[in-house]
Amino acid sequence: MFSAFSSIDRYAVRARTPSEAAMQRLDGIGHVLSDLDLAGVRTQDDLTRMLLTLDTADKCIRVIRAEFRLEAVSDRLARKAENLMVLIERARDELTGCRAAKS
């Protein structure tokens, strides 16, 4: 699972600007998240693992955003980060809502 993150840094080295590197990292996080199978959550361990993955991705996005707090950030970068965070929140709500309804 984390091998996807290690390849992100290798590509980020090729980026011409810090903003491009951040975009590539966000793209990598989005790629990892797109491979998650929310419908495949069957057990409490599955749910815990999925929520941990979502929380980790959210924290990574926040770190990337924090790198640009004092700099002008591109609208594209800000939108991508915000969109990923919204999708993470929706997935978290879907997981916890479905789980509560089944219990």
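This paragraph deals with the overall build of the protein. Scanning the protein from terminus to terminus reveals four helices and zero strands. Helices and strands in the protein line up, N terminus first, as α-α-α-α. Here the protein holds 103 residues, and 31% of them are scored as buried. Residue pairs at least 24 apart in sequence account for 67% of intrachain contacts in the protein once pairs closer than 6 positions are excluded.

In this section: the packing of helix α2 (residues 18-34) against helix α3 (residues 44-66). It is at 10 Å that the axes of α2 and α3 come closest, and there the two elements cross at 170 degrees. Between α2 and α3, the crossing angle belongs to the class labelled roughly antiparallel. Between α2, through A22, R25, L26, I29 and L33, and α3, the contact on the second element is made entirely by L54, A57, C60, I61 and I64. Looking at the contact of α2 with α3 residue by residue, the classes come out as nine nonpolar, no polar and one charged.

Take the environment of L87 next. Summarising the element assignment, L87 is placed in helix α4 (residues 75-102). For L87, a relative accessible area of 48% corresponds to the partly exposed category. Here the alpha-carbon distance between L87 and G30, two residues 57 residues apart in the chain, equals 9.6 Å.

Membership of the largest hydrophobic core comes to 21 residues, with the highest contact counts inside it found for L26, L33, L54, I61 and L95. Only α2, α3 and α4 provide two or more residues apiece to this core. Contacts of L33, omitting those with residues within four sequence positions, involve L54, A57, L84 and I88.

Let us look at the layout of surface pockets. There is about 160 Å³ of room inside the largest pocket. As for the largest pocket, its lining consists of G30, L33, S34, L36, L38, L54, L84, L87, I88 and A91. Listed by contribution, the elements that provide at least two residues to the lining of the largest pocket are α2 and α4. Counting residues per element, the lining of the largest pocket draws most heavily on α4, which supplies four residues. Classifying every residue of the lining of the largest pocket by side-chain character gives eight nonpolar, two polar and no charged.

A few words now on the confidence of the model for the protein. Parts of the model with low pLDDT should not have their predicted coordinates read in detail. Averaged over every residue, the pLDDT of the protein is 82; the share at 70 or more is 77%. Helix α1 (residues 3-13) is the least confidently modelled element of the protein, averaging 49 in pLDDT, while α3 averages 95, the highest of any element.

Let's shift gears to α3. Because the α-helix completes a turn every 3.6 residues, residues three or four places apart line up on one side. In a regular helix each residue adds 1.5 Å, so 23 residues correspond to 33 Å; α3 covers 33 Å between its end C-alpha atoms and thus fits that length. Along α3, the positions that sit buried rather than exposed are L47, M50, L51, T53, L54, A57, D58, I61 and I64.

Basis of the calculations
- Residues numbered from 1 in each chain as written.
- Predicted model: local features only at pLDDT ≥ 70, side-chain atom pairs only at ≥ 80, totals over all residues.
- Heavy atoms only, no water.
- Helix = DSSP H or I, 4+ residues; strand = E, 2+ residues; numbered from the N terminus.
- Buried < 20%, exposed > 50% of the residue type's maximum accessible area, 1.4 Å probe, protein only.
- Contact = heavy atoms within 4.5 Å.
- Axes fitted to C-alpha atoms, helices over the stretch in contact; angles between N-to-C directions.
- Parallel < 35°, antiparallel > 145°, perpendicular 65-115°, else oblique.
- Nonpolar A, V, L, I, M, F, W, Y, C, P; charged D, E, K, R; others polar.
- Core = buried A, V, L, I, M, F, W, Y, C linked by side-chain atoms within 4.5 Å.
- 1 Å grid on protein atoms, 1.4 Å probe; cavity = no way out; pocket = protein on both sides within 12 Å on 5 of 7 lines; lining within 4 Å.
- Points joined across faces, edges and corners; volume = space filled by probe spheres on them.
- pLDDT = per-residue confidence, 0-100.
- Expected span 1.5 Å × (residues − 1).

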